[in-house]
Amino acid sequence: MMWKYLLMAAAVFAPIDAAQAGARELSGTWGGERTIVTFGKSGAEVQSDCANGTIQGPIRINAAGKFAAKGTFQSFGGGPQAIELAPIPAAQFGGHVSGKTLILSIKVKGSPTQTLTLREGVRPKLIRCL
């Protein structure tokens, strides 16, 4: 019987991971100018007019509304696409959620960082590269 009390005391006084305190999982569709990001249990899919990518997940935002994750991101040009022999470029994603707004940054080595403003529940029409 005493072990029950010891387990309860251990649970009450167990250290809390500050990074996970107040964390929540990002989910749903977020959209902005020519971009849609769909978050789910296994990560996210990024789609824009002339690019697409994935974010490894699940994506958890901390109590301050921020997250960082790895994934892939590839831009395309208009017209027929060459068969890619190289792997899709690795990318670093960072975000800050405030209410229903997400500021998303995408960094691919050798390219400038892209910063996108997305709104929860918005699903804009994409016009694919021509």
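### Points about the sheet that holds strand 2 (residues 28-32)
Strands sit in the order 2-3-4-5-7-8-9-10 around a closed barrel of eight strands; the barrel is antiparallel. Going from strand to strand, the sheet's axes swing by 30° on average, the running direction of each strand aside.

### Concerning the pattern of salt bridges
All chains considered together, the criterion is met by four salt bridges. Salt-bridge contacts for Arg60 lead to Glu25; the nearest nitrogen and oxygen are separated by 3.9 Å. Here Glu25 lies in strand 1 (residues 24-25) and Arg60 lies in strand 6 (residues 60-61), a separation of 35 residues in the sequence. Look at the salt bridges and you will find they share partners, linking Glu25, Lys41 and Arg60 into a network.

### Notes on the nonpolar core
Counting 22 residues, the largest nonpolar core has Leu26, Phe39, Leu102 and Leu104 as its most contacted members. For this core, the secondary structure elements donating two or more residues are strand 3 (35-40), strand 4 (43-48), strand 5 (51-56), strand 7 (66-75), strand 8 (90-98), strand 9 (101-108) and strand 10 (114-120). Residue contributions to this core peak at four residues, all from strand 9. With near-sequence residues (within four places) excluded, Leu102 lies in contact with Leu26, Trp30, Phe39, Phe67, Gly95, His96, Val97, Leu116, Thr117 and Leu118.

### Comments concerning the layout of surface pockets
By volume, the largest pocket amounts to about 180 Å³. Around the largest pocket sit Glu33, Arg34, Thr35, Val46, Ser48, Asp49, Cys50, Ala51, Phe73, Ser75, Gln114 and Leu116, which together line it. Elements with a minimum of two residues in the lining of the largest pocket: strand 4, strand 7 and strand 10. Partitioned by chemical class, the residues of the lining of the largest pocket number five nonpolar, four polar and three charged.

### Points about the pairing of strand 5
Residues Ala51, Gly53 and Ile55 line the buried face of strand 5, whereas the alternating positions Asn52, Thr54 and Gln56 sit on a face that is not buried. Two strands pair when backbone bridges link them, and strand 4 and strand 5 are joined in this way by six bridges, in the antiparallel orientation. Each bridged residue has a counterpart across the sheet, and for Ala44 the counterpart in strand 5 is Ile55. The loop that links strand 4 with its antiparallel partner strand 5 comprises two residues. In terms of strand pairing, strand 5 meets strand 7 through five bridges, oriented antiparallel. Counted as the bridge partner of Gly53 is Phe73 from strand 7.

### Points about the packing of aromatic side chains
What the rule picks out here adds up to one aromatic pair. Ring plane angle 85° and centroid distance 6.5 Å describe the contact between Phe39 and Phe67, whose orientation is recorded as edge-to-face. Of this pair, Phe39 sits in strand 3 while Phe67 sits in strand 7; the two residues are 28 residues apart in sequence, bridging distant segments of the chain.

### Some details on the side chain of Ser48
Mapped onto the elements, Ser48 comes out in strand 4. Residue Ser48 is classed as buried on the basis of its relative accessible area of 13%. Apart from residues no more than four positions distant in its own chain, Ser48 is found in contact with Arg34, Thr35, Leu126 and Arg128.

About the criteria used
Residues numbered from 1 in each chain as written. Predicted model: local features only at pLDDT ≥ 70, side-chain atom pairs only at ≥ 80, totals over all residues. Heavy atoms only, no water. Pairing = 2+ DSSP bridges. Helix = DSSP H or I, 4+ residues; strand = E, 2+ residues; numbered from the N terminus. Axes fitted to C-alpha atoms, helices over the stretch in contact; angles between N-to-C directions. Salt bridge = Lys/Arg side-chain N within 4 Å of Asp/Glu carboxyl O. Core = buried A, V, L, I, M, F, W, Y, C linked by side-chain atoms within 4.5 Å. Buried < 20%, exposed > 50% of the residue type's maximum accessible area, 1.4 Å probe, protein only. Contact = heavy atoms within 4.5 Å. 1 Å grid on protein atoms, 1.4 Å probe; cavity = no way out; pocket = protein on both sides within 12 Å on 5 of 7 lines; lining within 4 Å. Points joined across faces, edges and corners; volume = space filled by probe spheres on them. Nonpolar A, V, L, I, M, F, W, Y, C, P; charged D, E, K, R; others polar. Phe/Tyr/Trp six-rings, centres within 6.5 Å; stacked < 30°, edge-to-face > 60°.

None of the figures reported here should be taken as evidence of function without further support.
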